[in-house]
Amino acid sequence: MRSTKTDLVAPTSEMPNRSSRRRLPVGAEVLPDGVHFRVWAPLRKQVTVVFEPSAEHPNVPEPLALTSEAGGYFSGLSTTARHGMHYRLRLDDDRRLYADPVSRFQPDGCASPSQIVDPGLYQWQQPDWPGISIEGQVIYELHIGTLTEQGTWQAAEACLPKIADLGVTVLEIMPVAEFPGHFGWGYDGVLLFAPTRLYGPPDNFRHFVDEAHRLGMGVILDVVYNHFGPADNYLDQFAGNFVSSRHRTDWGDAINFDGQDCAPVREFFLANAGYWIDEYRLDGLRLDAIQAIMDDSPLHILVEMTRHCRKVADNRSVIITAESELQHAELIRPEADGGSGLDAAWND
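Description of the structure in this document. (Residues numbered from 1 in each chain as written. Predicted model: local features only at pLDDT ≥ 70, side-chain atom pairs only at ≥ 80, totals over all residues. Heavy atoms only, no water.)

Some details on the packing of aromatic side chains
Alright, step 1. Evaluated as defined, the whole model comprises 25 aromatic pairs.
Alright, step 2. The ring of Tyr73 has Arg38 lying over it, and the distance from NZ or CZ to the ring centre is 4.0 Å.
Alright, step 3. One residue, Arg281, lies across the ring of Trp124, its end atom 5.9 Å from the ring centre. (Phe/Tyr/Trp six-rings, centres within 6.5 Å; stacked < 30°, edge-to-face > 60°. Lys NZ or Arg CZ within 6 Å of the ring centre and 35° of its normal.)

Laid out in structure tokens, this is it:
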């Protein structure tokens, strides 16, 4: 696999699948010499990582003041932080602490501490899975929270043999980004890198994908890149330009893909798209309501996102599909013919 920033170091029996450099441009990254934190917060003059005790880690490091970088970024390395520790971010002297916008897991929900997650600890059982192409697929749309009474990855995994027996070849998982409350279809996600705690921890998601691959089924994820959920959304405390002043959608402000300070916003969403392909070995994405992804840039974010997903997948084949009310044919034309290069359009 290839990471967002650099090639990963090949794992050995003694060493997990961990690079000596960051996989993502922002967030908490477990590295060989500690945990590196990087945050985009151009509205702030200081960002501090505050570690919080948990049952698993009652003793935690002292707060870590991050160093200011150009462009509103803050970063720093903790040599004593570890996988599984909990943390939140203090912005300037604000008494309120905030979850990391790029948190990989929120054990107790959106407003709770974030958890440091080392994705390299999971040992993939189907490392040679080649991926999927669009031709001949039978796609099954699946909501983890309602497929079973338990509503978890583990319970859903037990259903996979029966789903495979139906002739299904691809599972399309409805959105899983963390959201407030105890039930939801997933379309009001707030923390886009954190699979919701309601379905189980991140490695249960990975095991679900592993088992689907063992049974010969691909797994793609429905992702929402046209708006953020309104409740428990604190991105405006970090940056004022996550949303657009140029465009509006049916859900309110559009995402800022083409306005002032849009580069870090584009980076955030490109990183998220590649993250699911890389760290969860997913076989592609279904992009929700792309008519509300508004971008007047010379290179549209959908084209850049599709390129990025294919690059991150490396030697695996992935499919990128999009829901579009407009049903424009150029979406699925190859880039060489002036199209966006997606594999298919979702027709309601």
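A closer look at the pattern of salt bridges
Alright, step 1. Summed over the entire model, instances satisfying the criterion amount to 23 salt bridges.
Alright, step 2. The partner of Arg197 in a salt bridge is Glu178, and the shortest N-O contact between them spans 2.4 Å. Pair noted here: Arg197 is in the loop between strand S13 (191-195) and helix H4 (202-214) and Glu178 is in strand S12 (residues 177-178), with a separation of 19 residues, a long-range link. The pair Arg197 / Glu178 is uniform in exposure class, with both members buried.
Alright, step 3. Measuring nitrogen to oxygen at the nearest pair gives 3.8 Å for the salt bridge that ties Glu279 to Arg206. With Glu279 in helix H5 (residues 262-279) and Arg206 in helix H4, this pair connects stretches of sequence that are 73 residues apart.
Alright, step 4. Glu279 sits in the buried class, given a relative accessible area of 2%.
Alright, step 5. Among the charged side chains, a salt-bridge network with shared partners connects Arg23, Glu29, Arg104, Asp203, Arg206, Asp278 and Glu279. (Salt bridge = Lys/Arg side-chain N within 4 Å of Asp/Glu carboxyl O. Helix = DSSP H or I, 4+ residues; strand = E, 2+ residues; numbered from the N terminus. Buried < 20%, exposed > 50% of the residue type's maximum accessible area, 1.4 Å probe, protein only.)

A short note on H5
Turn by turn, an α-helix covers 3.6 residues, leaving residues three or four places apart pointing in a common direction.
Alright, step 1. In a regular helix each residue adds 1.5 Å, so 18 residues correspond to 26 Å; H5 covers 25 Å between its end C-alpha atoms and thus fits that length.
Alright, step 2. The buried fraction of H5 is high, at 16 of 18 residues.
Alright, step 3. Just downstream of H5 lies Arg281, where phi reads positive at about 50°. (Expected span 1.5 Å × (residues − 1).)

What about the packing of H5 against helix H6 (residues 301-313)?
Alright, step 1. Where H5 meets H6, the axes come as close as 9 Å, and the angle between the chain directions of the two elements is 35°. The element H5 and its partner H6 pack so that their crossing is right-handed. Here Arg266, Phe269, Leu270, Ala273, Gly274, Ile277 and Asp278 of H5 lie close against H6, whose contacting residues are Ile301, Glu304, Met305, His308, Cys309, Val312 and Ala313.
Alright, step 2. Across the contact of H5 with H6, the residue classes tally to 9 nonpolar, 2 polar and 3 charged. (Axes fitted to C-alpha atoms, helices over the stretch in contact; angles between N-to-C directions. Left-handed = near helix turned anticlockwise from the far one by under 90°. Contact = heavy atoms within 4.5 Å. Nonpolar A, V, L, I, M, F, W, Y, C, P; charged D, E, K, R; others polar.)

A short note on the pairing of strand S18 (residues 319-323)
Where a strand is regular, its side chains alternate between the two sheet faces.
Alright, step 1. Counting buried residues in S18 gives 5 out of 5 residues, a clear majority hidden from the surface.
Alright, step 2. With burial as the criterion, each face of S18 is covered, one bearing Ile319, Thr321 and Glu323 and the other bearing Ile320 and Ala322.
Alright, step 3. The pairing of S18 with strand S19 (residues 344-346) spans 3 bridges and is parallel. Its bridge partner being in S19, Thr321 is matched across the sheet by Ala344. (Pairing = 2+ DSSP bridges.)

Concerning the sheet that holds strand S2 (residues 34-40)
Strand pairing in a sheet takes place through backbone hydrogen bonds and is either antiparallel or parallel in direction.
Alright, step 1. Strands sit in the order S1-S2-S6-S5 across an open sheet of 4 strands; the sheet is antiparallel. Every other strand in the sheet has two partners, leaving strand S1 (27-31) and strand S5 (67-68) as the edge strands with one partner each.
Alright, step 2. Both S2 and strand S6 (residues 73-78) contribute to a ladder of 6 bridges, which runs antiparallel. Bridge pairing links Phe37 to Gly76 in S6.

Considerations on the sheet that holds strand S11 (residues 170-173)
Alright, step 1. Taken in spatial order, the 6 strands of this open sheet run S10-S11-S14-S17-S18-S19, and their pairing is parallel. For this open sheet the edge positions go to strand S10 (139-142) and S19, each flanked by a neighbour on one side alone. Each neighbouring strand pair of the sheet contributes to a mean axis angle of 25°, computed without reference to strand direction.
Alright, step 2. Here S10 runs beside S11; their pairing, made up of 4 bridges, is parallel. Looking at the pairing, Tyr140 lines up with Leu171 of S11.
Alright, step 3. H5 contacts strand S14 (218-223) and strand S17 (284-287) of the sheet and is inclined by roughly 140° relative to S17.

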